[in-house]
Amino acid sequence: MSSQHDPFRTLKSFDLGHGRQGKLYSLPALEAAGVGKISRLPVSIRLVLESVLRNCDGKKVLEQNVRDLAGWQPNATRTEEIPFVVARIVLQDFTGVPLLVDLAAMRSAVAKLGKNPKIIEPLVPVDLVVDHSVQVDANGTSDAFARNLEIEFQRNRERYQFLKWGMQAFDTFKVVPPGIGIVHQVNLEYLAKGVLSAESQISDLKSEIYYPDTLVGTDSHTTMINGIGVVGWGVGGIEAEAGMLGQPVYFLTPDVVGVHLTGALREGVTATDLALTVTQMLRKAKVVGKFVEFFGPGAKALPVVDRATIANMAPEYGATMGFFPIDEECVNYLRATGRSEEHITVFENYYKAQGLWGIPQKGDIDYSQVLDLDLASVVPSVAGPKRPQDRIELPKMKDSFVGAFSKPVTENGFGKKAEEFSTVKAEVSLNGSGSAAIGHGSVLIAAITSCTNTSNPSVMLAAGLLAKKAVEKGLSVSKVVKASLAPGSRVVSDYLSKTGLQPYLDQLGFNLVGYGCTTCIGNSGPLAPVVEDAVVKNDLVAASVLSGNRNFEARVHQNIKANFLMSPPLVVAFALAGRVDVDLSSEPIGQGKSGPVFLKDIWPTIAEVRDAMQSALKPEVFRTLYTDFAAQNPKWNEIPSSVGNVYAWDAKSTYIQEPPFFVNFSMQAGTITEIKGARPLGIFGDSVTTDHISPAGAIKKASPAGRFLLENGVTFENFNSYGSRRGNDRIMTRGTFANVRIKNLMLGGEEGGNTLLQPEGTKLAIFDAAEQYKKRGTPLIVIAGQEYGTGSSRDWAAKGTNLLGVKVVVAQSFERIHRSNLVGMGVLPLQFKEGTTAQTLGLNGSEVYDVVGLSPALKPQQDLTLRITRADGSVTDVPVRCRIDTPIEIDYYQHGGILPFVLRDIVRRAS
Ligand code: SF4
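This one's a predicted model, so the numbers in the text were calculated from it and none came from an experiment.

Conventions adopted
- Residues numbered from 1 in each chain as written.
- Predicted model: local features only at pLDDT ≥ 70, side-chain atom pairs only at ≥ 80, totals over all residues.
- Heavy atoms only, no water.
- Helix = DSSP H or I, 4+ residues; strand = E, 2+ residues; numbered from the N terminus.
- Rg over C-alpha atoms; globule rule 2.2 N^0.38 Å.
- Buried < 20%, exposed > 50% of the residue type's maximum accessible area, 1.4 Å probe, protein only.
- Contact = heavy atoms within 4.5 Å.
- Areas by Shrake-Rupley, 256 points an atom, 1.4 Å probe, with all protein chains shown as cover.
- Lys, Arg positive; Asp, Glu negative; His and termini not counted.
- Charge placed at Lys NZ, Arg CZ, Asp CG, Glu CD.
- Salt bridge = Lys/Arg side-chain N within 4 Å of Asp/Glu carboxyl O.
- Near = heavy atom within 4 Å.
- 1 Å grid on protein atoms, 1.4 Å probe; cavity = no way out; pocket = protein on both sides within 12 Å on 5 of 7 lines; lining within 4 Å.
- Sits in = over half its atoms within 2 Å of the grid points.
- Nonpolar A, V, L, I, M, F, W, Y, C, P; charged D, E, K, R; others polar.
- Points joined across faces, edges and corners; volume = space filled by probe spheres on them.
- Phe/Tyr/Trp six-rings, centres within 6.5 Å; stacked < 30°, edge-to-face > 60°.
- Lys NZ or Arg CZ within 6 Å of the ring centre and 35° of its normal.
- Polar contact = N/O pair within 3.5 Å; in protein donor to acceptor, adjacent residues only side chain to side chain.
- Pairing = 2+ DSSP bridges.
- Axes fitted to C-alpha atoms, helices over the stretch in contact; angles between N-to-C directions.
- Left-handed = near helix turned anticlockwise from the far one by under 90°.

Student: Any chance you could explain the overall build of the chain here in plain terms?
Tutor: Helix and strand content of the chain: 33 helices and 37 strands. Over its C-alpha atoms the chain spans a radius of gyration of 27 Å, differing by no more than 12% from the 29 Å that the globule rule assigns to 911 residues. Oriented by its inertia axes, the alpha-carbon framework of the chain measures out at about 80 × 80 × 55 Å. For the chain, the proportion of its 911 residues judged to be buried stands at 64%. Considering only intrachain contacts with a sequence separation of at least 6, the fraction spanning at least 24 residues in the chain is 74%. Here the chain displays about 31,000 Å² of accessible surface, and carbon together with sulfur accounts for 50% of that area. Looking at charge distribution, the chain has the averaged site of its 93 positive side-chain charges lying 2 Å from that of its 93 negative ones.

Student: Got a minute to help me understand the pattern of salt bridges in this structure?
Tutor: Where charged atoms from two side chains of opposite charge approach closely, those side chains can pair. Throughout the structure, instances matching the rule amount to 51 salt bridges. With a shortest N-O distance of 3.3 Å, Glu658 and Lys112 are connected by a salt bridge. Remark: Lys112 occurs in helix α4 (residues 93-112) and Glu658 occurs in the loop between α25 (634-638) and β27 (675-683); sequence separation between them is 546 residues. For Lys112, a relative accessible area of 66% gives the class exposed. Here Lys498 and Asp494 are joined by a salt bridge, their closest N and O atoms 2.7 Å apart. A residue pair is termed a helical-turn pair when its members lie 3 or 4 positions apart in one helix, as Lys498 and Asp494 do in helix α18 (residues 490-498) at four residues. What emerges from the salt-bridge pattern is a single network uniting Arg107, Lys118, Glu121 and Asp171.

Student: What is the right way to look at the site of the ligand in this model?
Tutor: Around the ligand lies a shell formed by His132, Ile182, Val183, His184, Asp219, His221, Ser450, Cys451, Cys517, Cys520, Ile521 and Asn549. Judged by the proximity of its atoms to the pocket grid, the ligand belongs to the largest cavity. Residue composition of the shell around the ligand, grouped by class: six nonpolar, five polar and one charged.

Student: In this structure, what is going on with the layout of surface pockets? I would like to understand it.
Tutor: Picture a little ball the size of a water molecule; that probe, rolled over the atoms, points out where space is still empty. Size it by volume and the second largest pocket reaches roughly 1,400 Å³. Lining the second largest pocket are 48 residues; nearest its centre among them are Val86, Ala87, Leu123, Val124 and Pro125. For the lining of the second largest pocket, the secondary-structure elements that each account for two or more residues are β1 (2-4), β6 (126-129), β7 (173-176), α6 (183-191), β8 (195-202), β9 (205-212) and α33 (898-910). Among the elements that line the lining of the second largest pocket, the one with the most residues is β8, at five residues.

Student: Is there a simple way to explain unusual backbone geometry in this structure?
Tutor: Residues other than glycine predominantly adopt negative phi, and peptide bonds predominantly adopt the trans conformation. In the segment running from Gly384 into Pro385, the intervening peptide bond is cis, with an omega of 5°. By secondary structure assignment, the location of Pro385 is in the loop between β17 (381-383) and β18 (391-393). Positive phi, normally seen in glycine, also occurs at Asn412, with a value near 65°. Counting through the fold element by element, Asn412 comes out in the loop between α14 (397-406) and α15 (420-423). On the accessibility criterion, Asn412 (26% relative accessible area) is partly exposed. Positive phi values are uncommon outside glycine, yet Asp628 reaches one of about 45°. Looking at where Asp628 falls in the secondary structure, it is placed in the loop between α24 (619-625) and α25.

Student: Would you mind going over the packing of aromatic side chains with me for this structure?
Tutor: For any pair of aromatic rings, the description consists of the separation of the ring centres together with the inter-plane angle of the planes. Counted under the stated rule, the structure contains 33 aromatic pairs. Plain terms: the ring middles of Phe153 and Tyr160 are 5.4 Å apart, the flat faces sit at 70° to each other, and that makes the pair edge-to-face. One exposure class covers both Phe153 and Tyr160, and it is buried. An angle of 85° between the planes, with centres 5.8 Å apart, marks the rings of Trp165 and Phe170 as edge-to-face. The same class applies to Trp165 as to Phe170, namely buried. Joined through ring pairs, the aromatic side chains of Phe14, Tyr210, Phe347, Tyr350, Tyr351 and Trp357 make up one cluster. Residue placement shows Lys386 over the ring face of Phe414; its charged tip is 4.8 Å from the ring centre. Looking at Lys799, its charged tip hangs above the ring of Trp796, at a distance of 5.4 Å from the centre.

Student: Sorry, what's going on with empty space enclosed by the protein here?
Tutor: In the structure shown here, the tally under the stated rule is four cavities of 30 Å³ or more. As a volume, the largest cavity reaches approximately 210 Å³. Along the walls of the largest cavity sit 20 residues, with His132, Asp219, His221, Ile521 and Arg555 positioned nearest its centre.

Student: Could you clarify how one ought to interpret the side chain of Arg307 in this entry?
Tutor: Considering the arrangement of structural elements, one finds Arg307 in helix α10 (residues 304-312). A distance of 2.9 Å separates a polar side-chain atom of Arg307 from the backbone oxygen of Leu302. Sequence-distant contacts of Arg307, that is, excluding residues within four places in its chain, are made with Gly227, Ala299, Lys300, Leu302, Phe324, Pro325, Asp327, Glu329, Cys330 and Ile359.

Student: I tried to follow the pairing of strand β36 (residues 863-869) on my own but got confused; where do I start?
Tutor: Successive residues of a regular strand alternate their side chains across the two faces of the sheet. Along β36, the buried face is formed by Leu864, Leu866 and Ile868; none of Asp863, Thr865, Arg867 and Thr869, which line the opposite face, is buried. Sheet topology note: the strand β35 (residues 848-852)/β36 ladder contains five bridges and is antiparallel. Bridging across to β36, Tyr849 finds its partner in Ile868. Summarising the sheet, β36 and strand β37 (residues 875-882) pair through seven bridges and their orientation is antiparallel. Among the inter-strand pairings, Thr869 is bridged to a residue of β37, identified as Val875. Count of turn residues in the β36/β37 antiparallel hairpin: five residues, of which Gly873 carries a positive phi of about 90°.

Student: Just to check I follow, could you spell out the sheet that holds β7 for this structure?
Tutor: Within a beta sheet, neighbouring strands are joined by backbone hydrogen bonds and run either parallel or antiparallel to one another. Within the open sheet, the five strands sit side by side as β7-β6-β5-β10-β11. Their pairing is parallel. In this open sheet, the two edge strands, each paired with only one partner strand, are β7 and β11 (231-234). Adjacent strand axes in the sheet meet at a mean angle of 20° when their direction is disregarded. Taken together, the four bridges between strand β5 (residues 88-92) and β6 define a ladder with parallel strand orientation. Residue pairing for β6: Ile89 is matched across the bridge by Val126. Sitting on the sheet, α6 touches β5, β6 and β10 (214-217), and the angle it makes with β5 is about 140°.

Student: Please explain the environment of Ala308 as it appears in this structure.
Tutor: With respect to the helices, strands and loops of the structure, Ala308 is situated in helix α10. For the pair Ala308 and Asn226, spaced 82 residues apart in sequence, the C-alpha to C-alpha distance is 6.8 Å. When residues no more than four places from it in sequence are discounted, the contact partners of Ala308 are Leu188, Met224 and Gly227.

Student: Please explain the pairing of strand β23 (residues 543-546) as it appears in this structure.
Tutor: Neither face of β23 is exposed, since Ala543 and Val545 on one face and Ser544 and Leu546 on the opposite face are all buried. As paired strands, strand β21 (residues 443-448) and β23 are joined by four bridges and run parallel to one another. Within the sheet, the bridge partner assigned to Ala447 lies in β23 and is Leu546.

Student: Honestly, the packing of helix α8 (residues 271-284) against α10 in this entry has me stumped. Any pointers?
Tutor: The geometry of a pair of packed helices is captured by two quantities: the angle between their axes and the separation between those axes. Between α8 and α10, the least distance of the axes is 9 Å, while the angle of their chain directions is 35°. Taken as a pair, α8 and α10 cross one another with a handedness that is right-handed. In this structure, α8 contributes Ala271, Thr272, Leu274, Ala275 and Val278 to the contact, and α10 contributes Asp306, Thr309 and Ile310. For the contact of α8 with α10, a count of residues per class yields five nonpolar, two polar and one charged.

Student: Which parts of the structure should I look at to understand the side chain of Ser653?
Tutor: Tracing the sequence through the fold places Ser653 in the loop between α25 and β27. Leave out the neighbours within four places in its chain, and Ser653 touches Glu158 and Asn728.

This is how it looks when you write it as structure tokens:
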């Protein structure tokens, strides 16, 4: 039971149904108190305001914070940060394991200080879903799922043991074991409650306080939950850690862009097409760092599953959230997915009492900007070959791909000679199944993957229906295509089986491979060796087609250069066609039993999908499949767990190591001083992703991380991915900037994680150079272009940067989460002024850098000077903006990062 305050006298009773009463912090009462015109605020802002109001204790959250947010103006200059205390945290295993490692390291540090380690404990419920580890090693067979699960448990045993230790060591840390589903789909279908309650004490009164379900997650697509009216988004692991240890998550007051939806999707158009259209439209509208809120009659008519598909892609359009307000559709979804009637009544009554019920219509809300989209204007689309916002209308796919083939790399093309397109072909012989010719544009991976789409029965059933019609017409998928089906929950298998569609998918190679992220996170597994050899030898621009949300280079597979995002039925269609240089609106998809078959011949109608949907969402199926995970997962039960409050670190483990963040930890924070004599570790161009900085995929044998694993007795077959080794700082630091596709301009843009050690100019792997600089006591700087750190939230991109010895990153612009993660790890982000770049400054990496103007009086967004001393001794002073954006971030930076800041705070309070 917690003790709370009520400074605005807004605590009111409301009807819970069934003759019971509950309490809530009333937003209408806050408006009546004259604090602001709250009923005209965007719904998403009001939900955050409720948290600020309820947690207003005069210490972490001030009355002024309530007044500031209640007085939100659509177009004000944004300077205030909002302290947002969330109701819960969700994690996936790739990001969750290192977070648990940090919590364990904090406990070890507290124990070393002679204090009770139990003072380190999550203060809000934490759910970790193990979904990122399964890889598509086996596919196209009826036992692929069992084989992949078996291999997953072999590969990840140590990590899973550690997670089981965490479950017993912390009271509020729960794990959904492997083989159950994907975090955001599990969140939508099961974890999300919509409204929560806790017993609290206000003055002498004990009350059951009800409040909105809000969360942050350590995965950028946490926004999928915005589809059911829950406020939540992805944060770095570092911020999530602070959040679970009782710190508010701070963020700059956002603009809110209203997207007014009208009309309805036409026949042949899917929710995925809509999501890709919204992504392209909002990318153009520059919504980075803003909330997006959908409203209007089109939004009202969309079912929650379609809303969730659109909300999922918020990171792709750059918004903090893609939020849909709360209405009857949410109730329909909660009921269809097996939530109790009693809970649903509380949910509805709570939001009605708060004046937060219903999708707003035009004129109801004051948004910063309003955009319009008529759903009837959406057409079948795909996005690629390199970026999710590059939408292509289906009939233009062929021209677009052929054009990209010879376009320069700087224009997102492949920089090949146009005449090579049709001349280069390779014949590959397939194990006992004849041979096939592959060339540029051949589809080699076709994956029904990603919670973006697997949570949406309409597109999953459409894939099944299309497969059925294709099989009936005698079409088949070539064996060179690595097809896979990886739903985000077992509910999908239940309805694909009940509708009789799974066998048709099986016949086309889309057998179940696992319930996890698989290809969406890059765990697409190896291609057949003959196929991979042919691709590499002929330098083929081969393609993947996937129902995922990310398609950056080397994300899906290291040797597949063109990656196209599309709906599950289109994934099946392109697998059948076997190539992407095809216009499926006019060319046949293949030769069937009775001649050519066109896409329109096998595309399911809206009515067919709707009929199949009747069997898709059955409450009892959700209730059965989401109970007693342990009993349903014997492999998980077999894993032994160590016990105790402090983790017994195993020095020999190559998966879990005590990170060095608290070595020589003392209660005294440092002082902010100027950085002098820094050498560049890398100079990079635009759109360097977190995957470039800290890859999640395969570890190369010859890379520093690969060499380290071999030296420690791990054979190449057992390397596993970087993502799975995030519990080991030794590997992750070696992997930082080690993506095979990263281009360091110090080496003329050569691909791979190398640099020049200065001043001698020796070419070394980035980690090896950093080690040399460490020995010399030289601080390091990284210089980059636009959108530095774009892509999935990845705390190791900041942690690894810090552990390499990088003190400052200067970029033309930063992605939101990565910028805050850098500060969270004590690395200084600086931004060039408009028009200044490494190129305009003529930097080549031989320079020495100072950051002038840093002092204990540092203010958020202060102007500083980057002093560049060139090899010839000439000096250039360049004005830069300090991208420490908020006062609390100054504290984090001064303390050397969030973790030491929070640890000092907890120890001090417990003393
Ligand atoms: S399926 Fe893709 S979007 Fe969903 S959680 Fe996994 S990696 Fe993220």
